[in-house]
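Survey of secondary and tertiary structure
The primary structure of each chain is shown beneath.
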Amino acid sequence: MKITRFCLVRHGETDWNVARRLQGHTDIPLNQHGITQARQMAKALKAIHLQFDVLYTSDLRRAADTAAAVEKQF
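Notes on the structure in this doc start here. (Residues numbered from 1 in each chain as written. Predicted model: local features only at pLDDT ≥ 70, side-chain atom pairs only at ≥ 80, totals over all residues. Heavy atoms only, no water.)

Moving on to the environment of T14. As for its placement among the helices and strands, T14 is situated in the segment before α1 (15-18). The class of T14 is buried, set by a relative accessible area of 0%. C-alpha of T14 to C-alpha of T57: the two residues are 43 residues apart in sequence and 17 Å apart in space. Not counting chain neighbours up to four residues away, the residues in contact with T14 comprise Q23, I28, P29, L30, N31 and R62. (Helix = DSSP H or I, 4+ residues; strand = E, 2+ residues; numbered from the N terminus. Buried < 20%, exposed > 50% of the residue type's maximum accessible area, 1.4 Å probe, protein only. Contact = heavy atoms within 4.5 Å.)

Structure, rendered in structure tokens:
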């Protein structure tokens, strides 16, 4: 039997997260701290030898940029 595993990763920080504003589907980019968080998450996933067959993300820049950081490590 084949096992399917999911790894859910939340996007990095945005300025609206810091201000405690709801973003919804407003396309707010990652701030500098969020970019660093995305890179750190990517390195952490690589360090535990997690492998991906596919990455899915929303069309929002903050999510796509976080996924791109992960993709770069693999």
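Here we come to the packing of aromatic side chains. Here the distance between the centres and the angle between the planes together describe a pair of aromatic rings. This structure, assessed with the given rule, holds 1 aromatic pair. Ring centres of F52 and F74 lie 5.4 Å apart, and the angle between their planes is 85 degrees; this geometry places the pair in the edge-to-face category. Placement of the pair is F52 in the loop between α2 (32-47) and α3 (61-73) and F74 in the segment after α3, with a sequence separation of 22 residues. Looking at F52, the relative accessible area reads 27%, which means it is partly exposed. Taking the ring centre of W16 as reference, the NZ or CZ of R21 above it sits at 3.7 Å. (Phe/Tyr/Trp six-rings, centres within 6.5 Å; stacked < 30°, edge-to-face > 60°. Lys NZ or Arg CZ within 6 Å of the ring centre and 35° of its normal.)

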